[in-house]
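Listed below, chain by chain, are the residues.
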Amino acid sequence: FQFFWLCLNVWLFGKTFLLYNQGLQYYYLHQMLGLGLCVSRASASVLNLNCCLVLLPMCRVLLAFLRGSQKVASKKTRRLLDKSKTFHVTCGVTICIFSVLHVAAHLVNALNFSENYNEEFVTLNAANYRGEVSQLYLMSLLVPGLTGVIMVLVLFLMCTASTYAIRVSNYDIFWYTHNLFFVFYMLLMVHVSGGVLKYQTNLEEHPPGCFNPNKTLRHNLTVPKAFEELFPDYTTEPFPEDLPVPEPFVQNSFMRVCSEEPKFQSHFPETWFWISGPLCLYCVERLYRYIRSNKPVTITSVISHPCNVLEVRMVKDDFEARPGQYVILHCPRVSALESHPFTLTMCPTDTKATFGVHLKVVGDWTERFRDLLLLHSNQDTEILPIFQQRRYPKLYVDGPFGSPFEESLNYEVSLCVAGGIGVTPFASILNTLLDGWKCYKLRRLYFIWVCRDIESFRWFADLLCMLHNKLWQENRPDYINIQLYLSQTDGIQKIIGEKYQALNSRLLIGRPRWKLLFDDIAKCNRRKTIGVFCCGPNKISKILHKLSNSSNSYGTRFEYNKESFS
């Protein structure tokens, strides 16, 4: 996908480059600026395209609608929507690369405006006189220069704060700097209104390079040899009006006689056409999301689980969600601006309105949120009825939004692989199957869960046991294949007791042997399409992606999916 997008941008760059290099309307401007004009305009066209499309993957409501609509989006289209984050990152990287090229080209243009000052067509110049220190003058006084410098600084902050190291060590820096995109787009709107580069409008009356017998001077025009032979006494004085122009000279396609002076006009800012639509769409969606999430939810219970995991259950009027979706939580007492996405581990149904999330306490935001929720309670907080609930802080929920895991119930066979807290997307799916599985296409589920600490399995041990017992009672023990892997043996003495006896036989020590696992699944499901879903470390994800794309001798096809918050 990245290679295809790179080729598309290179094609657009090359096409625009040739337009400005060979276009007659840019003849005089090209003589002044040379390749700097072509590179700056070509890179600008690529920036317009990417600045337009980089916002679309962030329209979460639109993506959720398309993903949830069977009529609007086919299965293949919905799988393409799963690449929304990848597409957003690709556009962002493209913007950074071509911004550097755009800035470098305009620095060359600033120098050429000074060195190649056009005394014949003064309106074409950006400098005031030949030899002006244009790098300092143009970049500090003109609107495009000022806005361009600020935009480069904003883009540098957004780019550096988006690196993996910054996002992992301090997510707040990434979140706050990324919201500078609004400043970037406002500056971009102003940036294109400078009108420094101009094109010729009267090509018919004044073909580029034509001869004006009443004004053109010898030192500004290379006189054809045929003209010198016919007019040996030619001087820089104006031509007499009745002096005939030689026929060979008139017919010369490269040197026609012009009837008037060239007229130049600044480009109409095309960037507005590119970004106004997506920007308005994004702003309308943000307004809709603000109105939808303006009412706080009612927290019904808070449960503290082992290994610094907190479960929050809540209710909200008219809240509907599908298994596999996620929501964005905002707690003003924790942070006035900051909000974070969390996958739903429990979805509301026809019989119950409660929905919930599990969050792992790993950063400043989650630590402050936990302290507020457990301020006046023990660490093992019991579930209280609504009329006895504590005074929890106000919590706002934005969503739900779509994710690839919504497709797990639309395969006949699905393989779900979780690493640690990455089990949360599958918890909502298991809860849904507990309520009833016959209405879904899914007929066999392979559930693989890898954890370092055995206590982590207690997060959803009750859920797994209840689902296991339900399927045994309905004579469908083969519906779900549960495999629990403990990658570290420390604390093995704390193994699950009699309450979770059904899970003891499914607990394995070590890491999964992925190749053998895929071969075994392919052998048991010949000539079928299996959905592979992964939420966990990148190392596991890469292995599963590679195995999903490899062929097997059983005619089984694996379709890979991966959790990706937009």
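Small disclaimer: the values here were computed from a predicted structure and weren't measured.

Draft legend 1. Fine view of the overall build of the protein. A tally of regular secondary structure across the protein gives 20 helices and 14 strands. For the protein, the residues scored as buried account for 50% of the 566 residues in total. Taking the contacts inside the protein whose residues are at least 6 apart along the sequence as the reference set, 74% of them involve residues at least 24 apart.

Draft legend 2. Focus on the UniProt feature "transmembrane region" (unreviewed entry) in the protein. As annotated by UniProt and renumbered to match this structure, "transmembrane region" (unreviewed entry) occupies residues 42-66, 87-108, 136-161 and 173-192. Helix makes up 76% of residues 42-66 and strand 0%, with an end-to-end C-alpha separation of 33 Å. The span residues 173-192 is 85% helical and 0% strand by assignment, and the distance between its end C-alpha atoms comes to 29 Å.

Draft legend 3. Just a nonpolar patch on the surface, in detail. Taken together, the side chains of Phe268, Trp272, Phe273 and Trp274 make up a nonpolar region of the molecular surface, amounting to roughly 470 Å² of accessible area. Structurally, tryptophan 274 is set in helix H14 (residues 271-292). The exposure class assigned to tryptophan 274 is partly exposed, which follows from its relative accessible area of 32%.

Draft legend 4. Spatial organisation of the sheet that holds strand S6 (residues 340-346). The strand order across the open sheet formed by 6 strands is S3-S4-S7-S6-S5-S8, and the pairing between neighbours is antiparallel. For this open sheet the edge positions go to strand S3 (298-305) and strand S8 (396-401), each flanked by a neighbour on one side alone. Averaged over all neighbouring strand pairs, the angle between strand axes comes to 35 degrees, with direction disregarded. As judged from the 6 bridges shared by strand S4 (residues 309-315) and strand S7 (residues 355-360), these two strands associate in the antiparallel manner. In the sheet register, glutamate 311 faces S7, and the bridge partner there is histidine 358. Across the face of the sheet, helix H15 (residues 364-373) comes into contact with S3, S4, strand S5 (326-330), S6 and S7 while running at roughly 65 degrees to S4.

Draft legend 5. Structural context of the pattern of salt bridges. Evaluation of the coordinates by the stated rule reveals 15 salt bridges. The salt bridge partner of aspartate 478 is arginine 476, with a shortest N-O separation of 3.1 Å. Bridged by salt links that share partners, the residues Glu285, Arg289, Arg292 and Asp398 form one connected network.

Draft legend 6. Highlighting the packing of helix H3 (residues 35-53) against helix H6 (residues 84-115). Where H3 meets H6, the closest approach of the two axes is 8 Å, and the angle between their N-to-C directions is 155 degrees. The angle between the axes of H3 and H6 places the two elements in the roughly antiparallel class. In terms of crossing hand, the pair formed by H3 and H6 is left-handed. Residue-level contacts link Gly36, Leu37, Val39, Ser40, Ser43, Ala44, Val46, Leu47, Asn50, Cys51 and Leu53 of H3 to Phe87, Cys91, Thr94, Ile95, Phe98, Ser99, Leu101, His102, Ala105, His106 and Asn109 of H6. Its residues assigned to classes, the contact of H3 with H6 comprises 13 nonpolar, 9 polar and no charged.

Draft legend 7. The state of the cysteines, seen in detail. Here the structure, examined in full by the defined rule, presents 0 disulfides. Here cysteine 52 is not disulfide-linked; the sulfur of cysteine 51 is the nearest cysteine sulfur, at 8.9 Å. With a relative accessible area of 12%, cysteine 52 lands in the buried category.

Definitions and cut-offs
Residues numbered from 1 in each chain as written. Predicted model: local features only at pLDDT ≥ 70, side-chain atom pairs only at ≥ 80, totals over all residues. Heavy atoms only, no water. Helix = DSSP H or I, 4+ residues; strand = E, 2+ residues; numbered from the N terminus. Buried < 20%, exposed > 50% of the residue type's maximum accessible area, 1.4 Å probe, protein only. Contact = heavy atoms within 4.5 Å. UniProt positions renumbered as here; feature names shortened; annotations may be inferred. Patch = residues over 30% accessible without salt bridge, like charges linked within 9 Å, V, L, I, M, F, W, Y side chains within 5 Å. Areas by Shrake-Rupley, 256 points an atom, 1.4 Å probe, with all protein chains shown as cover. Salt bridge = Lys/Arg side-chain N within 4 Å of Asp/Glu carboxyl O. Pairing = 2+ DSSP bridges. Axes fitted to C-alpha atoms, helices over the stretch in contact; angles between N-to-C directions. Parallel < 35°, antiparallel > 145°, perpendicular 65-115°, else oblique. Left-handed = near helix turned anticlockwise from the far one by under 90°. Nonpolar A, V, L, I, M, F, W, Y, C, P; charged D, E, K, R; others polar. Disulfide = S-S within 2.5 Å.

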